[in-house]
Amino acid sequence: METLSPPHHDDLLLARLSAPPDLREGSECLAYWRQRRRRLPWYRLGARREASRMIVEWERRVRAALIYQRGVPITTRLDGAKLVAAVHLRRWTQRAGAALAVAGALFVLVPVAIAVDILVHLF
């Protein structure tokens, strides 16, 4: 009869690393990388790129922790959800703002172009 050997140290380490983080820890890391990205000057391109990649990675991990971690206080869960939702809301408002700016520019420029065309044809 074969005896079951205990899991290898590497297997335990891989399982722990691939598991979602503690929600509180993940939220703190996500907040850190967002603040770091905001504080970096525009010319630190490599550092800003790293911070952006880390933000995406920690958002993914916090979302996983929100789904899979049980027994977390509701305030911690709401803070994590707020952090993850904030980026989507910010992206949506930026896109909506750009669309409104384009629509506003067209609303102003099209009548001006028509008026200029009419004036050119009259004279």
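Everything below is about the structure shown above.
For clarity, every value in this text was computed on a predicted model and none was experimentally measured.

Chemist: Quick question: what am I supposed to make of the overall build of the chain here?
Modeler: The secondary structure content of the chain amounts to four helices and zero strands. When the helices and strands of the chain are read in sequence order from the N terminus, they spell out α-α-α-α. The buried share of the chain, taken over its 123 residues, is 20%. Taking all contacts inside the chain whose residues are at least 6 apart in sequence as the whole, residues at least 24 apart take part in 62%. A total accessible area of about 9800 Å² is found for the chain, and carbon and sulfur atoms account for 66% of it.

Chemist: How do you make sense of the packing of aromatic side chains when you look at a structure like this?
Modeler: Any pair of aromatic rings gets described here by the distance separating the centres and the angle formed by the planes. A full pass over the atoms with the stated rule returns two aromatic pairs. Each ring, one from Y32 and one from W33, has its centre 5.1 Å from the other, and the planes form 75°; the classification is edge-to-face. Over the ring of W58 we find R61; its NZ or CZ atom is 4.6 Å from the centre of that ring.

Chemist: Explain the nonpolar core here, please?
Modeler: The nonpolar side chains of soluble globular proteins are, as a tendency, buried together. Within the largest apolar cluster, twelve residues are counted, these being L23, L30, W33, A51, I55, W58, V62, A65, L66, V72, L83 and V84. Those elements that provide at least two residues to this core are α2 (23–39), α3 (45–68) and α4 (74–122).

Chemist: How should I be thinking about α2 in this particular structure?
Modeler: Think of an α-helix as 3.6 residues a turn; residues three or four steps apart then line up on the same face. Taking 1.5 Å of rise per residue, 17 residues should cover 24 Å, and α2 covers 24 Å from first to last C-alpha, within 8% of that figure. Considered for burial, the residues of α2 that qualify are L23, G26, S27, L30, W33 and R34. Buried positions in α2, seen along its axis, are confined to an arc of 130° and lie on one side of it. In α2, the exposed positions that point more than 90 degrees away from the buried face belong to E28 and R39.

Chemist: Please clarify how a nonpolar patch on the surface should be interpreted in this entry.
Modeler: On the surface, a cluster of nonpolar side chains totalling about 860 Å² of accessible area is made up of V102, L106, V110, I114, I118, L119, L122 and F123. When you line up the elements, V110 lands in helix α4. By relative accessible area, V110 is classed as partly exposed at 41%.

Chemist: Explain the side chain of S27 to me, please; I cannot follow it from the model alone.
Modeler: Mapped onto the elements of the fold, S27 is located in helix α2. With a relative accessible area of 9%, S27 lands in the buried category. Excluding residues within four positions of it along the chain, S27 makes contact with V62, G80 and L83.

Chemist: Please clarify how the pattern of salt bridges should be interpreted in this entry.
Modeler: Two side chains that carry opposite charge are able to pair once their charged atoms sit near each other. One pass over the structure, following the stated rule, counts two salt bridges. Among the salt bridges present, the one from R34 reaches E59, with a minimum N-O distance of 2.8 Å. Remark: E59 occurs in helix α3 and R34 occurs in helix α2; sequence separation between them is 25 residues. Accessibility expressed as a relative area gives 8% for R34, which makes it buried. In this structure, R60 and E57 form a salt bridge, with 2.3 Å as the shortest nitrogen-oxygen distance. Note that R60 and E57 are positioned in helix α3 at a spacing of three residues, about one turn of the helix. For R60, a relative accessible area of 44% gives the class partly exposed. A residue is classified by how much of its surface remains accessible, and E57, at 31% relative accessible area, is partly exposed.

Calculation rules
In every chain, residue numbers begin from 1 and rise along the written sequence. Local features are withheld for residues below a pLDDT of 70 in this predicted model, meaning they are given only at 70 or higher, and side-chain atom pairs are given and counted only at 80 or more; totals for whole chains, interfaces and linings count all residues. Each side-chain value is worked out from all heavy atoms of the structure, with water and hydrogens disregarded. Strands here are runs of E lasting at least two residues and helices are runs of H or I lasting at least four, both read from the DSSP assignment and numbered beginning at the N terminus. We call a residue buried when its accessible area falls under 20% of the maximum for its residue type, exposed when it is over 50%, and partly exposed in between, using a 1.4 Å probe and counting protein chains only. A contact between two residues is defined here by any heavy atoms of the two lying within 4.5 Å. The method behind every accessible area is Shrake-Rupley, applied with a 1.4 Å probe, and residues are considered shielded solely by the protein chains displayed. Between the rings of Phe, Tyr and Trp (Trp by its six-membered ring), a pair exists once the centres lie within 6.5 Å; its type follows the angle of the planes, with under 30 degrees stacked, over 60 edge-to-face, and the other angles tilted. Here, a charge over a ring is recorded when the distance from Lys NZ or Arg CZ to the ring centre is within 6 Å and its angle to the ring normal is within 35 degrees. To form a nonpolar core, buried Ala, Val, Leu, Ile, Met, Phe, Trp, Tyr and Cys residues must be joined to one another through side-chain atoms within 4.5 Å. One fewer than the residue count of a helix, multiplied by 1.5 Å, yields its expected span. Throughout, the arc means the angular range of directions from the helix axis out to the C-beta atoms. Put simply, a patch holds well-exposed residues, over 30% relative accessible area, that have no salt bridge, with like charges counted together within 9 Å and Val, Leu, Ile, Met, Phe, Trp or Tyr side chains within 5 Å. Note on definitions: salt bridges are taken to be side-chain nitrogens of Lys or Arg within 4 Å of carboxyl oxygens of Asp or Glu.

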